[in-house]
Amino acid sequence: MTKVISFQIPKSKREFVRYQEDRGRHFYDKLHQHPQLQLTVILEGKGQFLSGDYVGRFQAGDVFFLGENAPHVFRSDLEYFGGEEGFKSAGNTIFFDFDALGKALGELEELQTLRRFKNFSGLCFQVFGDSKNSILELFKAFSKSSKLIQFQLAIQLLSILEESGQDLVSLNRPLVLRGLSERDGKRMDQVIQFLLENRFRQIKLDEVAAEAHLSKEAFCRFFKLRTRTTFTRYVLQLRINEAQKLLKETDLGISEIAYTVGFENLSYFNRAFKGIVGNSPRAFRK
């Protein structure tokens, strides 16, 4: 059984901000959560970003912001797990631990605006526009700065996010349950890994329920309560997500892509694609 979820950032309880650089062939590929807020810049690599009911893609230059206890995974594309040379992943992350501020968060007038971020529990966002550009500039100075300067930069970053307006785009819907227990987290990770590995074939409900060690009825309730969507819809999103990648990165025909990602009917593929993406596969490719 895959052990995951209660993922804790290795840091002191007295440390408000921690800077981390991730380098390797692929990113950490297990569904996990942590009480710290997370601001991540993708420098190299690409793949799927999953959080709650959201299924999307990440690539170099993207900036993501996650609230407390938002279950998530940056799942690198399959080629990053192979033996071929030239596939690398890199990202820089800043974690913010509001608990380290203690009473100051509630008592100091200067920190009152930061309390807004407590409402972001379970949510994930992508940052665009001028806010993204400002964040990227501040990240450049972080690794070479002293602890005091890092604290100042962290407050600047949160100020940018607080004032970002339409540049801060919510990706997932609020979870019915805020955060996952360790037991539920392990179960969800097993389910997500199973769906990712088998998404291009017909997956029967009893198969995925067995992976979760639940009856079909109990699994449907479990999955929808923790993702705000059905497992059938989730698999559909995973397939369309892969189709988007193939439309942008290959010269494969649309019908061939539809078949490759698990659709047996081209008309259904076109309808499903437009329903999720907002336009047709042909328009998306242009």
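The following paragraphs examine the structure supplied in this document. (Residues numbered from 1 in each chain as written. Predicted model: local features only at pLDDT ≥ 70, side-chain atom pairs only at ≥ 80, totals over all residues. Heavy atoms only, no water.)

## A few points about the sheet that holds strand β8 (residues 73-76)
Strand order across the open sheet formed by three strands is β6-β5-β8, with antiparallel pairing between neighbours. Only two strands of the sheet have a single partner each, and these edge strands are β6 (54-58) and β8. Taken over all neighbouring pairs, the strand axes of this sheet differ in orientation by 25 degrees on average, direction set aside. Lying over the sheet, helix α7 (residues 231-249) contacts β5 (47-51) and β6, oriented at roughly 20 degrees with respect to β6. (Pairing = 2+ DSSP bridges. Helix = DSSP H or I, 4+ residues; strand = E, 2+ residues; numbered from the N terminus. Axes fitted to C-alpha atoms, helices over the stretch in contact; angles between N-to-C directions. Contact = heavy atoms within 4.5 Å.)

## Focus on the sheet that holds strand β11 (residues 168-170)
Overall, antiparallel pairing links the six strands, which are arranged β2-β9-β4-β7-β10-β11 in an open sheet. Across the chains shown, the open sheet's two edge strands, defined by having one partner strand only, are β2 (17-24) and β11. Averaged over all neighbouring strand pairs, the angle between strand axes comes to 25 degrees, with direction disregarded.

## Concerning the pattern of salt bridges
Going through the model one piece at a time under the given rule, you end up with 15 salt bridges. In this structure, Arg23 engages Glu21 in a salt bridge whose closest nitrogen and oxygen atoms are separated by 3.8 Å. Under the relative-accessibility criterion, Arg23 is labelled partly exposed at 48%. Taking the relative accessible area as the measure of exposure, Glu21 reaches 43% and is therefore partly exposed. One salt bridge connects Lys46 with Glu249, and the closest N-O pair in it is separated by 2.9 Å. Taken together, the residues span a long stretch of sequence, with Lys46 in the loop between β4 (37-44) and β5 and Glu249 in helix α7 at a distance of 203 residues. Residue class for Lys46 comes out partly exposed when judged on its relative accessible area of 24%. Of the residues examined, Glu249 reaches a relative accessible area of 39% and is grouped as partly exposed. Shared partners join several salt bridges into a network, and the residues in it are Arg57, Asp77, Glu79 and Lys245. (Salt bridge = Lys/Arg side-chain N within 4 Å of Asp/Glu carboxyl O. Buried < 20%, exposed > 50% of the residue type's maximum accessible area, 1.4 Å probe, protein only.)

## A look at the packing of aromatic side chains
This structure, assessed with the given rule, holds 25 aromatic pairs. Measuring from ring centre to ring centre gives 5.6 Å for Phe27 and Phe58, while their planes differ by 65 degrees; the resulting arrangement is edge-to-face. Linking Phe27 in the loop between β2 and β3 (32-33) with Phe58 in strand β6, this pair joins segments that are 31 residues apart in sequence. Judged by its relative accessible area of 1%, Phe58 is buried. For the ring pair Phe49 and Phe64, a centre distance of 4.8 Å and an interplane angle of 45 degrees mean the geometry is tilted. Taken together, the positions of Phe49 in strand β5 and Phe64 in strand β7 (residues 63-66) put the pair 15 residues apart, joining distant regions of the chain. A residue is classified by how much of its surface remains accessible, and Phe64, at 0% relative accessible area, is buried. Chaining the aromatic ring pairs together yields one cluster made of Phe16, Phe65, Phe96, Phe98, Phe117, Phe120, Phe125 and Phe151. For Arg187, the ring lying beneath its charged end belongs to Phe222, and the centroid distance is 5.7 Å. Its guanidinium or amino end placed over the ring of Phe284, Lys248 lies 4.8 Å from that ring's centre, counting from NZ or CZ. (Phe/Tyr/Trp six-rings, centres within 6.5 Å; stacked < 30°, edge-to-face > 60°. Lys NZ or Arg CZ within 6 Å of the ring centre and 35° of its normal.)

## Let's talk about unusual backbone geometry
Of note, Asn69 is a non-glycine position whose phi angle comes to about 50 degrees, a positive value. Note on placement: Asn69 falls in the loop between β7 and β8. The exposure class assigned to Asn69 is partly exposed, which follows from its relative accessible area of 21%. Phi is positive for His213, which is not a glycine, with a value near 60 degrees. Relative to the helices and strands, His213 resides in the loop between α5 (205-211) and α6 (216-227). A residue is classified by how much of its surface remains accessible, and His213, at 57% relative accessible area, is exposed.

## Thoughts on the environment of Phe151
Within the secondary structure, Phe151 is located in helix α3 (residues 147-162). Overall, Phe151 belongs to the partly exposed group, its relative accessible area being 32%. Taking the C-alpha atoms as reference, Phe151 lies 19 Å from Glu68; in sequence the two are 83 residues apart. Contact partners of Phe151, with chain neighbours within four places excluded, come to Phe16 and Val17.

Fair warning: the whole summary comes from geometry, so function is off the table for now.
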